[in-house]
Every structure is written in C-alpha cells, then in structure tokens.
Amino acid sequence: MSPSPQDAPSPASTPNTASGDVEPREAEHREAETAQAPAAAGDEVRPGTGFGVDETALEPTAQDLRVLTRMLGRPVRDVVEIPARCVCGNPLVAATAPRLSGGSPFPTVFYLAHPGATQATSRLEAAGVMAQMTERLGRDERLAAAYRAAHEDYLARRARIGRLAGTGEVPEIEGISAGGMPVRVKCLHALLGHTLAVGTGINPLGDETLEAVEPSWSPHRCACDPAWRDQD
Ligand SMILES: [Zn+2]
C-alpha cells in the first residue's frame, strides 16, 4: 500500500484470500478507443478523461461526499475532484489534495474509493500479482518505459490538483508518485485509481489491473449500495 497519513482516508478493504484464477497479462494490453497519452512535466493537463466523467462532472457534490464517506466508513476531506464515476454516477475515485488540511502530505492523489473495486484489487494483490509485475518491469524495457511515463503523468496531474486545491508545492513528496511507480509495483489500488481517473492507455499496469478485476468488478456495472445516497 502507499504511505497513508494517519488522518487520511484509507481503503475500506481487507485482504481476501487468493482467488487462484488470476493470470498476469503479458506486456501488451488493449487500448480502448478513448486511450489517452500520458502527460509530461510541464504539460497542460487536460482533466475529465476518466471513466464515467466529462469536464462537467468533476466537481464534487454534497451527495458525492456523502457517498464517499459511506464507502470509506469515515468522513472524507480535501476532495478536489471526482475524476471517475460509476455508471450510476457515484464516485469511484476521489482526487485528493496533495497536502491534507491537517498539514500531512498525501501522495495518492487518485484515491480508489469504491469498496467493490478495492476488494477485487486486494484479491489480486493477495494472489501475488504485484511481484510478477515488478519482475516483468525488470526485463521488459517497453513496459518499463511506459510505466515511467505513467509516473510522470501521475506527478503532472497531482500538481494540477494541488494547484486547484491551493496547497502549493509539497516538497516532502516531490518526485514521489504512488503504487511503487516508477520502477516497482507496491499498490494495485493506486494504479487502478490512476487508470480509472485518466482513462486507459496511460498506466499499463493500472490498465492490466482493471482488466484483471473486471470479472468481479467493473466501472461499467453498478455495484453500489443504494443506502450510500440516503440523506439522514
Ligand atoms: Zn453505481
């Protein structure tokens, strides 16, 4: 898992037993028709390319914050955008300020929130997928280069979220992205959060994580609890 400050939201998932049917994919991966190109440092980052959103659906609503609070089991704070949504409209990912209002640096800008997604991802992690991916990064130069570009994309987009949030520079996490990028795989939740927030074609291992979880959870199939939206 990525470093998670004490007062930060953390995935509600608990590691499940390995499902045993998880096959790591080879380096090649399908690119969706909407595949994006990674942003590099200094690039103008175009928002609104994640799953289930366009530029008009990024702003968090009161209902979004209520749903996120119930998904995570604690009040959410410092949510700047909703960069990915379920087909029902509920948030899948919370774009979180790189410095929390309590002052802690928070590197994991694309925070995977949906319990269905976090649980499916935890099962993959328990099945040993991260070690296999890290091993492949060591011998597949094309994959390694794409993963380094994903790291740069992550940093560029986090800087944009930081500018929106007005948090300014966060030197404690400068050059540090999430999930083990750019050379290792340490948290599939972070990688899947990135892919959902920016679309496929940018983070090759986030894209693989999405493909691998899709039999049990998909951004295209609503698995939300209707009670998450209830007003008290
Ligand atoms: Zn839903």
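S.K.: Give me the lowdown on the packing of helix α2 (residues 115–126) against helix α5 (residues 188–198), citing residues and values where you can.
M.R.: With their axes 9 Å apart at the nearest point, α2 and α5 run at an angle of 130 degrees to one another. Regarding the angle of α2 to α5, the classification is oblique. In terms of crossing hand, the pair formed by α2 and α5 is right-handed. Here A117, T118, T121, L124 and E125 of α2 come into contact with α5, specifically with L188, H189 and L192. When grouped by side-chain class, the residues that make up the contact of α2 with α5 number four nonpolar, three polar and one charged.

S.K.: Account for the pairing of strand β2 (residues 91–96), with residues named and values stated.
M.R.: With six of its six residues buried, β2 lies for the most part within the structure. Pairing of strand β1 (residues 79–85) with β2 involves four bridges; the strand directions are antiparallel. Note that in β2 the partner of R85 across the bridge is P91. In sequence, β1 turns back onto β2 through a hairpin of five residues, with G89 there showing a positive phi of about 105 degrees. Both β2 and strand β3 (residues 110–112) contribute to a ladder of three bridges, which runs antiparallel. Bridge pairing in β3 links A95 to F110.

S.K.: Kindly report on the sheet that holds β2, identifying the contributing residues and their values.
M.R.: Spatially, β1-β2-β3 is the arrangement adopted by the three strands of the open sheet, whose pairing is antiparallel. Two strands in the sheet have a free side with no partner beyond their single neighbour: β1 and β3. The average undirected angle you get between the axes of adjacent strands in this sheet is 35 degrees.

S.K.: Explain the confidence of the model for the protein chain to me, and be specific about the residues and the numbers.
M.R.: Of the residues in the protein chain, 83% have a pLDDT of 70 or more, and the chain-wide mean is 86. Counting contacts from residues 1–33, a segment whose pLDDT is below 50, to residues more than four positions away or on other chains yields 68 contacts.

S.K.: Any details on the nonpolar core? Residues and values, ideally.
M.R.: In this structure, L92, V93, A94, A95 and A113 are the most contacted members of the largest nonpolar core, which totals 55 residues. In terms of residue count, helix α4 (residues 141–165) provides more of this core than any other element does, eight residues in total. If we skip the residues at most four places from it in the chain, V93 touches G50, P83, A84, F110, Y111, L112, A113, G193, L196 and A197.

S.K.: Quick rundown of helix α1 (residues 62–72)? Include the residues and the values.
M.R.: Inspection of α1 places D64, V67, L68 and M71 among the buried residues, and these make up the whole buried set. An end-on view of α1 places all buried positions within 100 degrees of arc, on one side of the element. Each element contacted by the buried residues of α1 is listed here: β1, β2 and α2. A positive phi of about 75 degrees marks G73, the residue just after α1.

S.K.: Tell me about the environment of Q36, and please be specific about residues and values.
M.R.: Mapping Q36 onto the fold places it in the segment before α1. Judged by the 18 C-beta atoms lying within 10 Å of it, Q36 is partly exposed. For the pair Q36 and T49, spaced 13 residues apart in sequence, the C-alpha to C-alpha distance is 7.9 Å. Aside from chain neighbours lying at most four places away, what touches Q36 is T49, V198, G199, G201 and I202.

So, how was this worked out
By convention here, each chain's residues receive numbers from 1 onward along its written sequence. In keeping with the model being predicted, local features are shown solely for residues with a pLDDT of at least 70 and side-chain atom pairs are shown and tallied solely at 80 or more, while totals for entire chains, interfaces and linings include all residues. Under this scheme, a helix contributes an axis fitted over its contacting stretch, all axes are lines through C-alpha atoms, and angles between N-to-C directions fall in the 0 to 180 degree range. We count a stretch as a helix when DSSP gives it H or I for four or more residues in a row; a strand needs E for two or more, and each element gets its number in order from the N terminus. For this classification, under 35 degrees means roughly parallel, over 145 means roughly antiparallel, 65 to 115 means roughly perpendicular, and everything else is oblique. A crossing counts as left-handed when the near helix is turned anticlockwise from the far one by less than a right angle, and as right-handed when that turn is clockwise. Any two residues are considered in contact once their C-beta atoms, placed from the backbone, lie within 7 Å. Gly is put with the polar residues, along with every residue not named as nonpolar or charged; the nonpolar set is Ala, Val, Leu, Ile, Met, Phe, Trp, Tyr, Cys and Pro, and the charged set is Asp, Glu, Lys and Arg. Once C-beta atoms are placed from the backbone, each residue is buried if 20 or more other C-beta atoms lie within 10 Å of its own, exposed if 12 or fewer, and partly exposed for counts between those two. Whether two strands pair comes down to DSSP finding at least two bridges between them. The quantity called pLDDT is the predictor's confidence in a given residue, expressed from 0 to 100. To form a nonpolar core, buried Ala, Val, Leu, Ile, Met, Phe, Trp, Tyr and Cys residues must be joined through C-beta atoms within 7 Å. The arc in question is traced by the directions running from the helix axis to the C-beta atoms.

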